[in-house]
Every structure is written in structure tokens, then in C-alpha cells.
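Chain and residue survey
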Amino acid sequence: MATTIQPISPAAVDELAALRLELADFSTVELVEELPRMDLADQALRFRLLPKDRALVVFEELDPVHQQELIDGLKTDFVRELLESMEADDRAKLFDEMPAKVATRFQSQLSAADRRQTAQLLGYDPESAGRIMTPDYVSLRASMTAAAAIERIRHLRERPRHLDVLPVTDGHRKLLGTVTLADLVSADPDTEVADLIASEHYQVSTDTDQEEAARLIQEANLNALPVVDHEDRLVGLITWDDAMEVLEAEDTEDVARSAGAEPLDRPYLSAGVFMLARKRAVWLLVLAVSASLTVTVLNYYETYLANVTVLAVFISLLTGTGGNSGSQASVTIIRAMAVGEVRFSDAFRITWRESRVGFVLGTLLALVGGPVVGFVYGWDIGLIIGITLLVICTWSTFVGSLLPLLAKKVGIDPALVSAPMVSTLCDATGLLIYFSVAALVLGPALTG
């Protein structure tokens, strides 16, 4: 018996029309924020109701993880149209998130040109500039006139989205520099492109680190950065929006590691409970083991605490102060390293500067805390607390500034030795400082 197709009820048609009108009131940014919060069926329904051109814009702005989720709820033909309309670098990011078999299947359905571009990008190292560049660009010959260049752009069959920066090459695709579209349009029509090339020329190679390339775009205020191969032949452009995504990812990674966790590599709401726990568990265990140093120190000085019990009152205050001052120095130096303000060669200047900062802070805390403690618990205890605060702050800022530099030197992410690790180390050494000062001030009264 043949299956009959059930007609859509007038009420359903009205609901879809109302939903389409509702979607029209949302901006692209709002849709990108709201779609991932819906279940898969609702995402697919609303996405299909968007006009085709707007659907592509929204799809490209979604995180690759959410793109993958949305693809699962769409028909194959519609997905193929989306993939073919995407820029090659965005398509490569999406394929990275897909299971290998699924990515291979979709890649085989692309046109020969799109398949070749995507395969080229996927062939570069995942952390390299080549992986995030777009091979869709318009290059100009240096011998062209401004009028000829504009005419060439006007008659392109497929015009790239990024035309504000136009690379200039010679007859062998060797990069000579870049020209801005604004300069090209405003120039005399007979002016040669060679005369419009920007005075400062920036470029990176395909194997340059992504973060280095992104920082260059940020620091030089570039809209796009040419990428060349090992023979200086132009192969693509890194645009400012892709650079900002790289910097956001790097900052997210640093923030996560500075808190003693691994970065999620996906939006928070797309991560399950066990993934969140796994990303935090390793460093939590490492820090727990490291914290055993504090227990060992306390156990060693158990006699001191037994004879002068008031010393126990200030342990958390002193260890907390040392950890906080060390963490402040650590985070400051890590940030300065990330934006290229300091290097390992500046280690002496940095540690000397931070030690003096710690000395100033320690002096301030000692002048405030020492007299207060002395008035309540006795002036000998006040003297111990004052001296300890001074020494701990100086030592902790020294440690907090040095560890990230050493980590970078040996090839470890400086964020890994930031706040939690520095704090744990300063806790243990802070106790050694505390009891050493107490022994000097109290003498025999402390050892019994």
C-alpha cells in the first residue's frame, strides 16, 4: 500500500510563518548565541527557515563544534551547499572537528577546486599559519595600472570576501608587498601598482606559529597578512578576524591553565560533566601532591607550634599573602610574555624589578600588620609577623616572576607554572621563612 504524504495544517503553516518573522528580528550575533542553546531539532528547524544567504553567514560564525552539531540535524544536500559556500579555512576548521570518516565523505562531495584547497590547508601543521590562511585572494601584478587593477577586480567571476588588502606579486608569484583597496581606488588611473605598495611590508611563512602571526596582525594594525611558502611565493592571506580567533583561543588556554586546568577546546555548554572533570582532575592531583610540601614543613616544626601556639594563628595569613603576591607577579609576567613585551634575556631586569616591588609591598604590610599583631599578641610576635611579611613578599614576587621565564626557556607553557603552582610553592617556602624568623626572634623559648 502506497504511503501518502500528510499535508501541513494551516495552523502549522501559520506557526512557521510567525517563526520566520521572529527570526528576522534577530541579529546575526544574537542567532549565533541562541542557536547552540536549543536542542538539535529546534536548531535545525530555525536554521532551515533562515534565508539561504543569511544561513551561510550564521553558520560561518558558529564555533566548529556547534557547526558539527547542526550538520547532524540537516539534510545532506543542504549541508553540501553550505560546505561549498564556506571559505576554505573555515571549512578546514569544521573538518577538523568531524570524525575522520564523515569529513572524508563530505570532502569527496566538494568540487575539485574546493577539495584541492581544503586538502592543502589540512596538510599544514594544526598550529601553523598555513592552517588558518585563506587561499581565496586577489593578487595584482606590480606592472599593472590602478585602472587595470580595478577592472580586474570588477570582472572576477568569484570575488573573495576580503578585498581591502591586495597582495602584489611579480611574474613568478613572488610577493613584493601589498596595496590597500582604498589607495587603489583613490589613485590616478594611470598610476602603476608598484608605486602604491605600502612602505612597510609584512609577511609570514606557512610554518610560522599561528599565535606569532596573529600577534603581528594585532601589533601592526593589519587587516590581512600575506602568507608565503619557503620560496617566497604567495599562497594565502590571514585575515584579522581569523587572527582574533587565534588570540582568543590562546588567551582562553592561558586563563584555564593559570587556574590549574586544561583548556576545553570547545564551548562550555558543549562540554559534558566528565569532560569538565577530566580537564581539571590532572592538575588538581598535581597540586594536591605539591601541597604535601606544606604538610611536611608543618610536621617538621611541630615542636615550635607546641611551645608557642600563637604562631599557628598566623599561618594562613602568611601563606595566603605569599601565594597571592607570587601569583600577581606570575600573571603579570605571563601576560607581558604573551604580548611580546619581555623575553628570557630580560630575566635579571624582571626579577630585580619584581623583587623591589615585593619589598615595597612587604614593607607596607609589615608596617600595617606588625604593630596590630604586636599590640594584641605581644611585640615579639608582632616583630616576627612584620619581618616575615617583608621577606615573604619579596621572595614570592621573585619566584613568581622567574618561574614563567624558566618554563618558557625549557619549552613549557608558562601558564602551567602560574598562579596555582606558584601559590603552592610559596606556601611551603613561606612556612620555612616564618619559622626561621620565629627561631631568630624567640630563640630558646621556641625550642623549649
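Residues numbered from 1 in each chain as written. Predicted model: local features only at pLDDT ≥ 70, side-chain atom pairs only at ≥ 80, totals over all residues. Heavy atoms only, no water.

- Looking at an unreviewed UniProt entry, the protein carries the name Magnesium transporter MgtE, with the source organism given as Glycomyces mayteni.
- The Sequence similarities (unreviewed entry) field of the UniProt record for the protein holds the comment "Belongs to the SLC41A transporter family." (UniProt positions renumbered as here; feature names shortened; annotations may be inferred.)

Observations concerning helix α17 (residues 315-338)
- Between its first and last C-alpha, α17 extends 34 Å over 24 residues, near the 34 Å set by a 1.5 Å rise per residue.
- Looking at the residues trailing α17, positive phi occurs at G340, about 80 degrees. (Helix = DSSP H or I, 4+ residues; strand = E, 2+ residues; numbered from the N terminus. Expected span 1.5 Å × (residues − 1).)

Let's talk about the packing of helix α3 (residues 40-49) against helix α5 (residues 64-72)
- At a minimum axis distance of 9 Å, the contact between α3 and α5 shows a crossing angle of 85 degrees. Classed by the angle they form, the pair α3 and α5 counts as roughly perpendicular. Where α3 approaches α5, its residues L40, Q43, A44 and F47 are matched on the opposing element by E69, L70 and D72.
- Its residues placed into classes, the contact of α3 with α5 shows 4 nonpolar, 1 polar and 2 charged. (Axes fitted to C-alpha atoms, helices over the stretch in contact; angles between N-to-C directions. Parallel < 35°, antiparallel > 145°, perpendicular 65-115°, else oblique. Contact = heavy atoms within 4.5 Å. Nonpolar A, V, L, I, M, F, W, Y, C, P; charged D, E, K, R; others polar.)

Description of the side chain of R131
- Within the secondary structure, R131 is located in helix α10 (residues 129-132).
- When its relative accessible area of 9% is taken as the criterion, R131 is described as buried.
- Here Y124 takes part through its backbone oxygen, which lies 2.7 Å from a polar atom of the side chain of R131.
- In this view, R131 contacts D96, L121, L122, Y124, D125, P126 and Q210; residues no more than four positions away in its chain are not counted. (Buried < 20%, exposed > 50% of the residue type's maximum accessible area, 1.4 Å probe, protein only. Polar contact = N/O pair within 3.5 Å; in protein donor to acceptor, adjacent residues only side chain to side chain.)

A few points about a nonpolar patch on the surface
- Together, V313, V372, F375, V376, Y377 and W379 line one region of the surface with nonpolar side chains, adding up to about 700 Å² of accessible area.
- Sorting elements by how many residues they give to the nonpolar patch places helix α18 (residues 347-377) first, with 4 residues.
- On the secondary structure map, V313 appears in the loop between α16 (302-307) and α17. (Patch = residues over 30% accessible without salt bridge, like charges linked within 9 Å, V, L, I, M, F, W, Y side chains within 5 Å. Areas by Shrake-Rupley, 256 points an atom, 1.4 Å probe, with all protein chains shown as cover. Salt bridge = Lys/Arg side-chain N within 4 Å of Asp/Glu carboxyl O.)

Structural notes on the side chain of T134
- Position of T134 relative to the elements: it lies in the loop between α10 and β1 (140-141).
- On the basis of relative accessible area, T134 is assigned to the buried category, the value being 2%.
- Engagement of the side chain of T134 in a polar contact is seen with the backbone nitrogen of D136, the distance being 3.2 Å.
- Aside from chain neighbours lying at most four places away, what touches T134 is E87, D89, G236, L237 and T239.

Some thoughts on helix α13 (residues 210-219)
- If you check which residues of α13 are buried, you get Q210, E211, A213, A214, R215 and I217.
- Where α13 starts, the residue carrying a side-chain oxygen 2.9 Å from the main-chain nitrogen of E211 turns out to be D209.

Quick notes on the state of the cysteines
- For the structure on display, the rule yields 0 disulfides.
- Not part of a disulfide, C426 finds its nearest cysteine sulfur in C393, a span of 9.9 Å. (Disulfide = S-S within 2.5 Å.)

Some details on unusual backbone geometry
- The residue R173 is not glycine, and still its phi comes out positive at about 65 degrees.
- Within the fold, R173 resides in the loop between β2 (165-169) and β3 (175-180).

Some details on the packing of aromatic side chains
- One pass over the full model with this rule turns up 3 aromatic pairs.
- Consider the rings of F314 and Y377, whose centres lie 5.2 Å apart with planes at 85 degrees: the pair is edge-to-face. Pair noted here: F314 is in the loop between α16 and α17 and Y377 is in helix α18, with a separation of 63 residues, a long-range link.
- Look at Y434 and F435: their rings are 5.3 Å apart centre to centre, the planes differ by 35 degrees, and that puts the pair in the tilted class. The pair formed by Y434 and F435 is uniform in burial state, with each residue classed as buried. (Phe/Tyr/Trp six-rings, centres within 6.5 Å; stacked < 30°, edge-to-face > 60°.)

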